[in-house]
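Coordinate inspection notes
Now for the letters of each chain:
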Amino acid sequence: MDSSKACSVKELPVGLDEATEEEYASQSKLLQEFTSISSIDKAWIFKSDSGIGSQAMFSISQPNLLANKKRKFMLSSSISKESINNVNFQWAPFPIEMTGVSLFAPSPSGSKLLVIRNPENESPSQFEIWSSSQLEKEFMISQSVHGSVYADGWFEGISWNSDESLIAYVAEEPSPSKPSFDDQGYRKGAIKDKECSSWKAQGDWEEEWGECYAGKRQPALFVINVNSGKVEAVKGIAKSLSVGQVVWAPQVEGTEQYLVFVGWSADPRKLGIKYCYNRPCALYAVKAPLYKSEAAEFDLKSTEESTVVNLTQSISSAFFPQFSPDGKFLMFLSAKASVDSGAHSATDSLQRIDWPTGGKLCSSTKIIDVIPIVNCAEDGHLPGLYCSSFLSKPWLSDGCTMILSSYWHSCEVILSVNVISGKVLRISPADSDFSWNVLTLDGDNVIAVCSSPIDVPQIKYGCLVDKANNSTGWRWLNVSSPIFRCSEKVMSLLSSHQFSILQIPVKDVSDCLTKGAAKPFEAIFVSSKKNDGTDPLIVMLHGGPHSVSLSSFSKSSAFLSSIGYSLLIVNYRGSLGFGEEALQSLPGKIGSQDVNDVLTAIDYVIEKGLANPSKITVLGGSHGGFLTTHLIGQAPDKFVAAAVRNPVCNLSSMVGITDIPDWCYVESYGSNGKSIYTEAPSAEHLTHLYNKSPISHISKVKAPTLFLLGAQDLRVPVSNGLQYSRALKERGVETKVIMFPNDIHAIERPQSDFESFLNIGMWFKRYCQ
Ligand SMILES: CC(=O)N[C@@H](C)C(=O)N[C@@H](C)C(=O)O
């Protein structure tokens, strides 16, 4: 064969042909432009030495497609408030690369900075203590002391004590010793890891906390002395408790120091905890293992077995402990509605314990409901508290007002909460359909980001206008920043779009619905400004089901709207942000109530002339994939194509292999699902689960369907999507599967996320011509 000819034959990647290659190339270029937009993860404020102005540090991340990792960096800015209408942010000329840093915690005074680098292998964890000018101390903590420090945003906890000599934190317990053998058989006593004449057995299997925690050992509490580098494990905590979110209790003269932490019990077994606030947990207090020695230098001494006090025995859930600045109150969040009902997430409540002034702790401490669970709010009132994190310093200078972000229908908003009176104010603008998220406080001013589906995030500086009256007067100033810079192309595409939040009335309201469940639900509609109802539509469905699609900027959604689709992002009943009655209306009715809400929303936009009924596609992940596959089965003529990410397709097989089998029971049986749940489902249970599943409608499906699957998913194991895709293929329905071998449930590694949305765009284009 003529080799020159062989070379000229163009080889196309699998799944592409000459006609689509051009489109693939241009979409991938645009998607890269969206992907490269940075996001702010956290921010801290430091008061300047002169007392005038302050310094902010922003921790930023940006996907690095080539390395398939997140690039992390820091950017600092000096802030000076020039007048009531003007604030000036003077940005450092360049950011500083922070890749390799797992955690970062300034001391309370801001004079020291702890930086932790977790190892990628069995090496020690590295702790660095920085001052303003240099590295002061560096400690290597070997794996025999503890494993990686938790940096997961859940068990994670780092707390400096008040004199900045000790830091409490959460890390993986050291590996348990395993039986070892050599040519003589069993070897008594521990052997070093690298001995080549012996080998180690696996030993007893240790249960883990499921999705996201594969291979992670039990989280445990440690304290490090920042002068000596000595580390001590906190003693006295039951083996069955996983611990996290540690904070130092206020120092009381003449008494021992306590740590307050959250404990999750492993009894009867560990179930998946990611996205699952229904795992019972409590706040505990334990004596810190360190005290001032005779020689007046800090030294590490083990306390005798110290007792651990459960501070929240009367409530099924307590987490995010946070002391008021004067140490008088211990605030915390509770997901008791979630634990008690079994729904994996539900309406939160904010609770308070008045901390004993003499330092005498008891387990019958009174717990005060500061923001109770809201069942069904009057219009315009707080719909309930839905809070995914607290700031490390959320307090205004009055010492009793906390600033936090919460979901309010389809928006995220910023709230001020007076923890004594319980008064809650929405301090982000009430007339804004954007989503607002608090980053940090600069004294009594709030640094926040706000964004919309078509507006990249922008930094805002909120000032309390009428301080004396502490009323509703917040003024929000614009802050120009280099952080969210994006290409001209992206800016121009976004500016040709619009969005609105639609109120969709519930169809078939019956007497058996609670008041909250009969109220309209919402959908976010994004379209080009010149949409005349002919643009193709993507119906986008969140998972959970108790989660919410916010009106914030999402790079992948913005990309899809930029390439010519209108988006209908439905917050069906059961979503967070709408009160407990609406949320609890869904368990037991999945596959029907949620499916009908989505169909109602689609009919609504068609009737309003906003969407073209012959060009409707549908996209969802996880429970959103459950809805997507239900929709193409139950309404087969409505959709021209579908795409799913790790979809729940068959509950009767999922129940035996997922890390959250209880979820299958609660969502499919409703309120009594929690008590029926068993590790040994009966034939009757399996039939019920099958009947609730999309697979039971497979014979009606016509829509070509794209499957994006994470092979390491423990939540909705890959077999669920694979079985469904094979069943479609068997029936002659067009399918395409992309398997990401190293991805878990979220499919969010940069290359996987990129390839997913590039293919979703291409897949839908093919069927919307
Ligand atoms: C509780 C939970 O993880 N449910 C899954 C079936 C699911 O839908 N997950 C959501 C959070 C997701 O978007 O992945």
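Residues numbered from 1 in each chain as written. Predicted model: local features only at pLDDT ≥ 70, side-chain atom pairs only at ≥ 80, totals over all residues. Heavy atoms only, no water.

Take the side chain of Ser-410 next. Mapping Ser-410 onto the fold places it in the loop between strand 27 (401-408) and strand 28 (411-418). Polar contacts involving the side chain of Ser-410 include one to the side chain of Asn-571, which spans 2.9 Å. In contact with Ser-410, not counting residues within four places along its chain, are Ser-435, Ile-501, Glu-522, Ile-524, Ser-549, Leu-550, Ser-551, Asn-571 and Phe-578. (Helix = DSSP H or I, 4+ residues; strand = E, 2+ residues; numbered from the N terminus. Polar contact = N/O pair within 3.5 Å; in protein donor to acceptor, adjacent residues only side chain to side chain. Contact = heavy atoms within 4.5 Å.)

Here the focus is the UniProt feature "domain: Peptidase S9 prolyl oligopeptidase catalytic" (unreviewed entry) in the chain. According to UniProt, the "domain: Peptidase S9 prolyl oligopeptidase catalytic" (unreviewed entry) feature falls on residues 552-768. Taken end to end, residues 552-768 has its terminal C-alpha atoms 27 Å apart, with 46% of it in helix and 13% in strand. (UniProt positions renumbered as here; feature names shortened; annotations may be inferred.)

Looking now at empty space enclosed by the protein. Tallied over the full model, the rule gives one cavity of 30 Å³ or more. Of the volumes computed, that of the largest cavity is approximately 50 Å³. Among the residues forming the lining of the largest cavity, the class breakdown is five nonpolar, four polar and one charged. (1 Å grid on protein atoms, 1.4 Å probe; cavity = no way out; pocket = protein on both sides within 12 Å on 5 of 7 lines; lining within 4 Å. Points joined across faces, edges and corners; volume = space filled by probe spheres on them. Nonpolar A, V, L, I, M, F, W, Y, C, P; charged D, E, K, R; others polar.)

Bringing the pattern of salt bridges into the picture now. Here the structure, examined in full by the defined rule, presents 25 salt bridges. The closest approach of N and O atoms between Asp-442 and Lys-47, which form a salt bridge, is 3.0 Å. With Asp-442 in strand 30 (residues 435-442) and Lys-47 in strand 1 (residues 39-47), this residue pair connects regions lying 395 residues apart in the sequence. Of the residues examined, Asp-442 reaches a relative accessible area of 5% and is grouped as buried. Residue Lys-47 is classed as exposed on the basis of its relative accessible area, which comes to 54%. A salt bridge links Glu-256 to Lys-287, with the shortest nitrogen-to-oxygen separation between them at 3.6 Å. (Salt bridge = Lys/Arg side-chain N within 4 Å of Asp/Glu carboxyl O. Buried < 20%, exposed > 50% of the residue type's maximum accessible area, 1.4 Å probe, protein only.)

The next subject is the site of the ligand. Lining the immediate environment of the ligand, one finds Tyr-275, His-344, Gly-543, Gly-544, Ser-622, His-623, Val-648, Ile-660, Trp-663, Arg-715 and His-745. At 2.6 Å, a side-chain N or O of Ser-622 approaches an oxygen atom of the ligand. His-745 places a side-chain nitrogen or oxygen 2.9 Å from an oxygen atom of the ligand. Calculation on the ligand without its partners gives an accessible area of 370 Å², and the protein chains cover 88% of this total. (Near = heavy atom within 4 Å. Areas by Shrake-Rupley, 256 points an atom, 1.4 Å probe, with all protein chains shown as cover.)

Once that is clear, we can look at the nonpolar core. Side chains of nonpolar character tend, in soluble globular proteins, to be buried together. Formed by 128 residues in total, the largest nonpolar core has its most connected members in Phe-58, Leu-221, Leu-259, Leu-350, Ile-459 and Leu-560. Sorting elements by how many residues they give to this core places helix 14 (residues 750-767) first, with seven residues. Setting aside residues no more than four positions away along its own chain, Ile-459 makes contact with Ile-40, Phe-58, Trp-91, Ile-447, Ala-448, Val-449, Leu-477, Asn-478, Val-479, Ser-481, Ile-483 and Phe-484. Within the second largest apolar cluster, 57 residues are counted, among which are Leu-513, Tyr-572, Leu-586 and Leu-728. (Core = buried A, V, L, I, M, F, W, Y, C linked by side-chain atoms within 4.5 Å.)

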